[in-house]
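Chain residues, written in single-letter form:
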Amino acid sequence: MVQSVQVFSTKGVPGPRKVELWNSILGELTDAVRVQPRDPLHFDGTRIRQRVGPVTLFEVRCASVLVSHEFRRTELRRRPSFQVLMPVQSEFSLVHGDRPAATVATGSFCLIDRSAPYEMIHGDGLCSIGIELPRALLESCLPQATRYAGAVVQPDSGASRVLGRLLRSLGSELSGGEEPGSL
């Protein structure tokens, strides 16, 4: 079952309310995530998403922020999931669980276990595309997927380049045929 594309944005919202609205939007879409912008009054963010069966495709564009996710037991019962996330414009720093900080550069991607704590920091102009997968679905294809959470995959093998092209193609579909990050 394919649902319609949903777009959430802070554009046009008065400066003092932007961060509150963005955190509210993310709170409805993504459990236990908090965003702290570098410049709260001039922050803007847009999130485009579409559910396709049990999978959610998404694109996020936003200004410089610190994104933090805290582990909460209720998440395991609500909708345990993983995200595959790839920046198509700019890069971000990721600390996932007890892994050391890593840079996820344009074209590389990472696996995020949504039941583990993590932090991401990025500058202005980030555009990332991703897929959120139910835990059971990913683990049926990749047993012990949690071992790979927080790892960064560079586009230096055939398989990683194919996955990168797939993510870009899915991002293009979300943006109505536009290349991700070009809007």
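Residues numbered from 1 in each chain as written. Predicted model: local features only at pLDDT ≥ 70, side-chain atom pairs only at ≥ 80, totals over all residues. Heavy atoms only, no water.

## Remarks on the environment of glutamine 6
Then step 1. With respect to the element layout, glutamine 6 can be found in strand S1 (residues 6-9).
Then step 2. Glutamine 6 sits 42 residues away from isoleucine 48 along the chain, and the two C-alpha atoms are 5.6 Å apart.
Then step 3. The contact partners of glutamine 6, leaving out residues within four places of it in the chain, are Arg47, Ile48 and Arg49. (Helix = DSSP H or I, 4+ residues; strand = E, 2+ residues; numbered from the N terminus. Contact = heavy atoms within 4.5 Å.)

## Comments concerning the pattern of salt bridges
Then step 1. Going through the model one piece at a time under the given rule, you end up with 5 salt bridges.
Then step 2. Close ionic contact of aspartate 44 with lysine 18 constitutes a salt bridge, the shortest N to O distance being 2.8 Å. Here the residue aspartate 44 occupies a position in the loop between strand S2 (33-37) and strand S3 (45-52), and lysine 18 occupies one in helix H1 (residues 15-29), the gap between them amounting to 26 residues.
Then step 3. Between aspartate 113 and arginine 135 there is a salt bridge, and its shortest N-O distance comes to 3.0 Å. Note that aspartate 113 is positioned in strand S9 (residues 109-113) and arginine 135 in helix H3 (residues 135-141), a separation of 22 residues in sequence. Grouping residues by exposure puts aspartate 113 and arginine 135 together as buried.
Then step 4. One continuous salt-bridge network, built from bridges that share partners, spans Asp113, Arg135 and Glu139. (Salt bridge = Lys/Arg side-chain N within 4 Å of Asp/Glu carboxyl O. Buried < 20%, exposed > 50% of the residue type's maximum accessible area, 1.4 Å probe, protein only.)

## Structural notes on the pairing of S9
Then step 1. Among the 5 residues in S9, 5 count as buried, and that is most of the element.
Then step 2. Burial of S9 is two-sided: the residues Phe109, Leu111 and Asp113 facing one way and the residues Cys110 and Ile112 facing the other way are all buried.
Then step 3. Examined bridge by bridge, strand S6 (residues 81-89) and S9 share 4 bridges and lie antiparallel to one another. Paired with glutamine 83 across the two strands is isoleucine 112, which belongs to S9.
Then step 4. The pairing of S9 with strand S12 (residues 152-153) spans 2 bridges and is classified as antiparallel. Following the sheet pairing, cysteine 110 is matched in S12 by valine 152. (Pairing = 2+ DSSP bridges.)

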